[in-house]
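Structure at a glance
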Amino acid sequence: MRLDTTTAAAAGALLLAGCASGALTGQPGTAAGGAQAGVANPAIWPQYVDPVPQLPQDEARIVDLLARMTLEEKIGQLMQPDLCCVTPEDVRQYNIGSVLNGGNSGPYGDDLAPAPRWLQAADEFYEASVDRSDGGVGIPIVWGTDAVHGHSNIIGATIFPHNIGLGAMRDAELVERIGAATATEIRVTGQEWTFAPTVAVPQDFRWGRAYEGYSSDPALVASYVGAMVRGLQGPPDGERILPRGKVIASTKHFLADGGTEGGVDQGDARISEEELRDIHGLPYGPAIENRVATVMASFSSWNGVKMTANRSLLNDVLKERMNFGGFIVSDWNAHGQVEGCTVEDCPDPLLAGLAMYMAPDSWKPLYANLLADARAGSIPMARIDDAVARILRVKLRLGLFEAGKPSDRALSGRWELLGAPEHRAIAREAVRKSLVLLKNEGVLPLAPGRRLLVAGDGADDIGRQSGGWTLTWQGTGLENSQFPGGTSIWDGLHQAVESAGGSAQLSPDGSFTQRPDAAVVVFGETPYAEFQGDRPSLQLAPELTRPYETMRRLKAQGIPVVALMITGRPLYVNPALNIADAFVVAWLPGSEGVGIADVLVGQSSGMPRYDFTGKLPADWPRTADLEDGALFPFGYGLTYGAPRTTWAPLDKDAGIAEAGSGAYFSGGAPAASWSFGLGNADMSETVRISAVPARALGGRAEVTATNTDVQEGARRVRIESGGGALSLTNLEPIDLARETNGKVLLLFTMRIDDAPDSAALRMNCEGANCGAWVPLNLQPTNGFVRFGVPLECFADAWVNVARITAPFVLQTQGQTDYSLEEVRLGTDAQQLFGCSQSPQAAPVIRGSEARAKWLFTLRGPRSVPIGSANR
């Protein structure tokens with residue numbers, strides 16, 4: 001419906017010439033030389049030139065549209081809800097400018113929906129946006145998606161290597177071809193905008209998004225940016241984008257997301273303005289020169305000021321000094337992290353130069369508050385009109401006004417283009433060129449006609465080799481059947497060996513029936529995305545080093561070993577480097593694992609089929625402490641023709657204590673600094689369980705060890721009667737605000753032999769009586785099951801998620817017998833509890849109509865007494 005209000009009439013040519021910049025009041029003025037913390041000096045930044053002047057006919061149309069749009073329509077254009085929390089009717093009523101599908105959302109509540117459903121939803125949103133039955137102007141909507149390594153949300157699409165692997169291959173022309181193939185596959189399902197490429201320049205690889213950056217070297221990153229933008233959008237020649245089968249791109253995250261202190265995701269880059277400009281700002285030059293349509297502002301801060309509302313950088317540097325002609329979009333609810341803001345009420349980014357709010361679940365109250373601010377005059381109309389004009393200009397460049405509904409456009413519905421053979425060939429080439437050889441004692445290339453053993457639990461797992469941002473946000477819980485047409489590492493190796501008359505055996509634990517002539521042991525990281533991948537040190541979690549023992553055992557039997565590492569970053573792996581006869585870094589190769597066999601398996605003559613050409617995109621660490629320097633420097637990488645040298649054993653001292661998996665409880669024990677206890681339902685008389693067997697609750701309860709897939713890998717709790725509370729507590733509060741915003745779950749893996757009469761999961765926060773509970777309908781299980789509860793449940797009950805002291809308190813009533821294996825954060829629940837529901841099958845967390853009542857600010861949220869559900 002068209003809401004009745006007064007129109008902000010003609011913005012006119014004065015607006016389009018840029019007068020809006022003078023109306024920005026969101027941040028104090030700049031200080032020469034950046035003297036004020038977090039305030040940039042535009043004069044020291046480079047200037048760039050848009051190669052195509054603004055088209056007079058487009059500018060005239062923008063002026064006309066702005067004159068006819070109501071204030072409500074303009075505010076609607078600034079909103080970008082997630083599919084979880086918006087309907088076509090919402091788009092029609094609120095004149096929404098854009099929708100997105102986040103990592104765990106998809107059409108009709110199914111993020112694993114088949115491709116035709118995505119196109120169907122695209123039509124529905126489009127048709128709602130252009131509906132003029134209420135008298136509105138009907139601005140067509142644009143749909144954004146995280147197609148960060150191929151159209152990676154869609155089953156059957158080509159999954160390319162993640163950016164760190166592309167950085168290793170040093171081939172900008174191939175990057176452009178990858179962009180073009182990705183654009184084609186996006187167009188098949190009806191979307192028009194990808195949130196790519198990431199142009200971060202990671203400086204600390206403890207960062208969980210490091211693999212999204214091409215390299216730690218700004219020049220290498222910059223050399224790729226123009227190529228990827230051209231591949232996605234087409235050449236910067238002023239032609240409409242949709243008619244040439246392309247999509248709009250988004251360089252991200254502006255600025256210095258890869259430069260935060262300690263590699264903390266969404267953290268603070270405490271660096272000089274010169275470092276900010278020369279390292280992190282460099283890739284934006286080629287992006288602007290190739291007319292990138294959008295830039296995404298970073299969650300992170302620069303010297304204490306959140307980028308999402310940093311006027312000196314968004315407006316004064318990016319828009320005015322660097323002449324960026326597109327529009328700026330924020331990241332997922334990032335406006336809620338701006339000081340003084342909440343996710344529901346935050347005009348500061350708009351005042352600082354932002355055009356579009358990515359407000360996945362907070363858009364309705366945010367819309368209402370921005371509308372009220374605009375009516376009150378606290379947001380100047382010139383600023384609103386500048387933001388809307390930039391969005392309209394990009395939509396005109398896209399050709400959106402003339403394109404018709406998505407299913408009527410070129411390439412739409414051509415399902416054979418998803419995972420097309422020519423696209424898979426490009427991905428396979430990228431895999432080959434990304435491989436980096438760190439060691440070869442003569443075992444490579446593998447002889448194709450011999451017996452090969454392939455070991456490691458990642459050898460036949462396409463999801464694991466693809467990493468995060470693959471079908472789901474975290475890329476976890478996937479099966480090979482969800483990658484039709486893809487090949488695992490094992491698939492490629494056994495096909496290459498057996499086609500030449502040899503034989504291959506897959507054995508995750510390294511056992512074998514016939515003695516092999518050589519073994520490939522696949523090991524490394526498991527999938528993660530964003531802050532879920534932040535690490536305290538540059539080393540694998542202990543459970544991921546178990547393949548080292550497989551390597552040792554094989555070597556002890558005289559079997560040559562090739563270590564093949566799946567990883568999103570360089571890590572300390574000296575024990576594996578010492579043991580193995582050859583060591584290859586495969587990065588995160590994606591769906592075309594066959595590309596690895598192309599290089600590892602040679603010809604019958606003994607000559608390689610393809611040589612190693614990959615070079616390290618960043619230093620490989622000497623120890624797990626990045627301060628100890630490089631073992632292999634940036635640019636290192638052997639070839640088959642490299643002179644053979646005698647291997648000098650490496651120091652096996654990691655230089656820093658082993659970093660755990662990030663679980664609060666695992667393998668039958670709490671993490672360091674955590675306490676594991678059992679007490680009454682109100683947590684009185686809690687007994688700390690440091691050794692088993694142990695008695696508690698006045699003798700009513702016993703805690704013992706029980707086996708999982710490892711001996712004594714869980715703790716069994718038997719309570720004879722009455723109430724009890726099993727708890728994990730920490731003296732120092734932990735901050736789960738990022739995770740709550742990201743719709744992360746609290747996961748707990750349990751076996752329930754005798755279900756209690758009733759149960760609840762409680763989370764406590766700092767302060768007297770601070771916490772809330774979620775009821776659980778626990779039933780007996782057949783073995784261990786990983787349950788999940790959304791952190792949002794507790795935030796919606798006003799738990800202060802930024803100051804959590806006990807993330808897991810399992811309250812039970814009545815006789816019960818259960819075993820606890822693990823407690824951690826994640827998204828890969830096998831059974832999901834709602835905030836007041838029974839569990840349901842849940843391979844991934846789904847979106848829901850969000851409450852987002854918690855406050856993401858320095859003021860802190862309210863708290864309520866334990867057990868209260870009142871708001």
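These figures come from a predicted structure and were not determined experimentally. (Residues numbered from 1 in each chain as written. Predicted model: local features only at pLDDT ≥ 70, side-chain atom pairs only at ≥ 80, totals over all residues. Heavy atoms only, no water.)

Digging into the overall build of the protein
Counting its secondary structure elements, the protein contains 22 helices and 35 strands. In the protein, buried positions account for 64% of the 871 residues. Taking the intrachain contacts of the protein between residues at least 6 apart in sequence as the baseline, contacts between residues at least 24 apart amount to 78%. With the model as given, the accessible surface of the protein reaches about 28,700 Å², and the carbon-plus-sulfur share is 49%. If you average the places of the 73 positive and of the 98 negative side-chain charges in the protein, the two averages end up 2 Å apart. (Helix = DSSP H or I, 4+ residues; strand = E, 2+ residues; numbered from the N terminus. Buried < 20%, exposed > 50% of the residue type's maximum accessible area, 1.4 Å probe, protein only. Contact = heavy atoms within 4.5 Å. Areas by Shrake-Rupley, 256 points an atom, 1.4 Å probe, with all protein chains shown as cover. Lys, Arg positive; Asp, Glu negative; His and termini not counted. Charge placed at Lys NZ, Arg CZ, Asp CG, Glu CD.)

As for empty space enclosed by the protein
In the structure shown here, the tally under the stated rule is 6 cavities of 30 Å³ or more. Taken as a whole, the second largest cavity encloses approximately 150 Å³ of empty space. Forming the walls of the second largest cavity are 18 residues, and the residues nearest its centre are A147, V148, H149, N163 and M228. Of all elements in the fold, only α6 (163-169), α7 (172-188) and α8 (218-233) reach the threshold of two or more residues within the lining of the second largest cavity. By residue class, the composition of the lining of the second largest cavity is 11 nonpolar, 6 polar and 1 charged. (1 Å grid on protein atoms, 1.4 Å probe; cavity = no way out; pocket = protein on both sides within 12 Å on 5 of 7 lines; lining within 4 Å. Points joined across faces, edges and corners; volume = space filled by probe spheres on them. Nonpolar A, V, L, I, M, F, W, Y, C, P; charged D, E, K, R; others polar.)

Focus on the sheet that holds strand β23 (residues 687-688)
Strand order in the open sheet formed by 6 strands is β23-β22-β27-β32-β29-β30, with antiparallel pairing between adjacent strands. For this open sheet the edge positions go to β23 and β30 (771-776), each flanked by a neighbour on one side alone. One ladder, built from 6 bridges, connects strand β29 (residues 758-765) with β30; its direction is antiparallel. Looking at β30, one finds that L761 is bridged to V774. (Pairing = 2+ DSSP bridges.)

Digging into the state of the cysteines
One pass over the structure, following the stated rule, counts 4 disulfides. Disulfide pairing places C84 opposite C85 at an S-S distance of 2.3 Å. Between C84 and C85, the S-S torsion sits near -85°, and that sign places the bridge as left-handed. As far as burial versus exposure is concerned, C84 and C85 are alike and both buried. Paired by a disulfide, C341 and C346 hold their sulfur atoms 2.2 Å apart. With the S-S dihedral at roughly 70°, the linkage between C341 and C346 falls on the right-handed side. C346 carries the same exposure label as C341, and that label is buried. If you count the bonded cysteines of the protein from the N-terminus, they pair up as 1-2, 3-4, 5-6, 7-8. (Disulfide = S-S within 2.5 Å.)

With respect to the confidence of the model for the protein
Averaged over all residues, the pLDDT of the protein is 91; the fraction at 70 or higher stands at 92%. Segment residues 1-34 is flagged for pLDDT under 50; beyond a separation of four residues in sequence, or across chains, it makes 89 contacts in the model. (pLDDT = per-residue confidence, 0-100.)

Here's the deal with helix α5 (residues 115-129)
Spanning 15 residues, α5 covers 22 Å between terminal C-alpha atoms, matching the ideal 21 Å at 1.5 Å per step. Of all the positions in α5, only A115, W118, L119, A121, A122, D123, F125, Y126, A128 and S129 are classed as buried. In this structure, the buried side of α5 is in contact with α4 (88-94), β2 (98-101), β3 (142-145) and α7. (Expected span 1.5 Å × (residues − 1).)

Here's the deal with the packing of α7 against helix α15 (residues 421-434)
Between two packed helices, both the angle of their axes relative to each other and the distance between the axes serve to describe the pair. It is at 10 Å that the axes of α7 and α15 come closest, and there the two elements cross at 145°. The chirality of how α7 crosses α15 is left-handed. Where α7 approaches α15, its residues L174, R177, I178, A181, T184 and E185 are matched on the opposing element by H423, I426, E429, A430 and K433. Split by residue class, the contact of α7 with α15 holds 5 nonpolar, 2 polar and 4 charged. (Axes fitted to C-alpha atoms, helices over the stretch in contact; angles between N-to-C directions. Left-handed = near helix turned anticlockwise from the far one by under 90°.)

Looking at the sheet that holds strand β7 (residues 294-297)
Spatial strand order, β5-β7-β10: 3 strands in an open sheet with parallel pairing. Strand pairing shows two members of the sheet lacking a second neighbour, β5 (250-254) and β10 (327-329), which therefore form its edges. On average, each strand axis in the sheet is tilted by 30° relative to the strand beside it, whichever way the strands run.

With respect to the nonpolar core
By size, the foremost hydrophobic cluster in this structure holds 126 residues, and its most contacted members are L444, W620 and F748. Discounting chain neighbours no more than four positions away, the residues touching W620 are L438, M565, P570, L571, V573, L577, V585, W587, G629, A630, L631 and F632. Core analysis: the next-biggest nonpolar cluster, separate from the first, contains 123 residues, V86, V137, M169 and V292 among them. (Core = buried A, V, L, I, M, F, W, Y, C linked by side-chain atoms within 4.5 Å.)

Overview of the pairing of strand β25 (residues 701-706)
Pairing between strand β24 (residues 694-696) and β25: 3 bridges, direction antiparallel. By the bridge assignment, A694 is partnered in β25 with V703. Where β24 folds back onto β25 in an antiparallel hairpin, the turn is made up of 4 residues, including L697, whose phi is positive at roughly 55°. Across 6 bridges, β25 lies against strand β26 (residues 714-719) in antiparallel orientation. Looking at the pairing, A705 lines up with R715 of β26.

What to know about the packing of α7 against α8
At their nearest, the axes of α7 and α8 sit 7 Å apart, and the two run at 30° to each other. Here α8 runs roughly parallel to α7, going by the angle between their axes. In the packing of α7 onto α8, the handedness of the crossing is right-handed. In this structure, α7 uses A172, V175, E176, I178, G179, A180, T182 and A183 to contact α8, whose residues at the interface are S223, Y224, A227, M228, R230, G231 and L232. Of the residues contributing to the contact of α7 with α8, the split by class is 9 nonpolar, 4 polar and 2 charged. (Parallel < 35°, antiparallel > 145°, perpendicular 65-115°, else oblique.)

Here's the deal with the pairing of β5
The element β5 is largely enclosed, with a buried count of 5 among its 5 residues. Bridge count for β5 against β7 is 4 bridges, and the pairing is parallel. Within the sheet, the bridge partner assigned to K252 lies in β7 and is M296.

Some words on the pattern of salt bridges
The full count for this structure, using the stated rule, is 50 salt bridges. A salt bridge links K743 to D361; the shortest N-O distance between them is 3.1 Å. Here K743, found in the loop between α21 (737-741) and β28 (745-754), pairs with D361, found in the loop between β11 (357-358) and α13 (363-376); they are 382 residues apart in sequence, far enough to count as distant. Members of the salt-bridge network, linked through shared partners, are D171, E173, R177, E429 and K433. (Salt bridge = Lys/Arg side-chain N within 4 Å of Asp/Glu carboxyl O.)

Some points on the environment of V744
Here V744 is to be found in the loop between α21 and β28. By relative accessible area, which is 0% here, V744 ends up buried. For the pair formed by V744 and V443, sequence separation is 301 residues and the distance between their alpha carbons is 44 Å. Among residues more than four places away in sequence, those in contact with V744 are W473, F531, Q532, E739, P790, L791, L825 and G826.

What to know about a negative patch on the surface
On the surface, E627, D628, D651 and D653 cluster together into a patch of negative charge. As for its placement among the helices and strands, E627 is situated in the loop between β18 (620-621) and β19 (630-632). When its relative accessible area of 67% is taken as the criterion, E627 is described as exposed. (Patch = residues over 30% accessible without salt bridge, like charges linked within 9 Å, V, L, I, M, F, W, Y side chains within 5 Å.)

Overview of the packing of aromatic side chains
With the rule as written, the count across this model stands at 20 aromatic pairs. Where F665 meets F676, the ring centres are 4.7 Å apart and the plane angle is 40°; that geometry is what we call tilted. Here F676 lies in strand β22 (residues 674-679) and F665 lies in strand β20 (residues 665-666), a separation of 11 residues in the sequence. Across this residue pair, the class does not change: F665 and F676 are buried. By way of ring pairs, the aromatic residues F748, F787, F808 and F833 are connected into one cluster. Positioned over the ring face of Y610 is R432, at 4.1 Å from the centre of the ring. Directly above the aromatic system of W647 lies the positively charged group of K439, at a separation of 4.3 Å from the ring centroid. (Phe/Tyr/Trp six-rings, centres within 6.5 Å; stacked < 30°, edge-to-face > 60°. Lys NZ or Arg CZ within 6 Å of the ring centre and 35° of its normal.)

So, the side chain of E792
Secondary-structure assignment places E792 in helix α22 (residues 791-796). Relative accessible area serves as the criterion here: at 7%, E792 is assigned to the buried category. Separated by 3.1 Å, the side chains of E792 and K743 make a polar contact. (Polar contact = N/O pair within 3.5 Å; in protein donor to acceptor, adjacent residues only side chain to side chain.)

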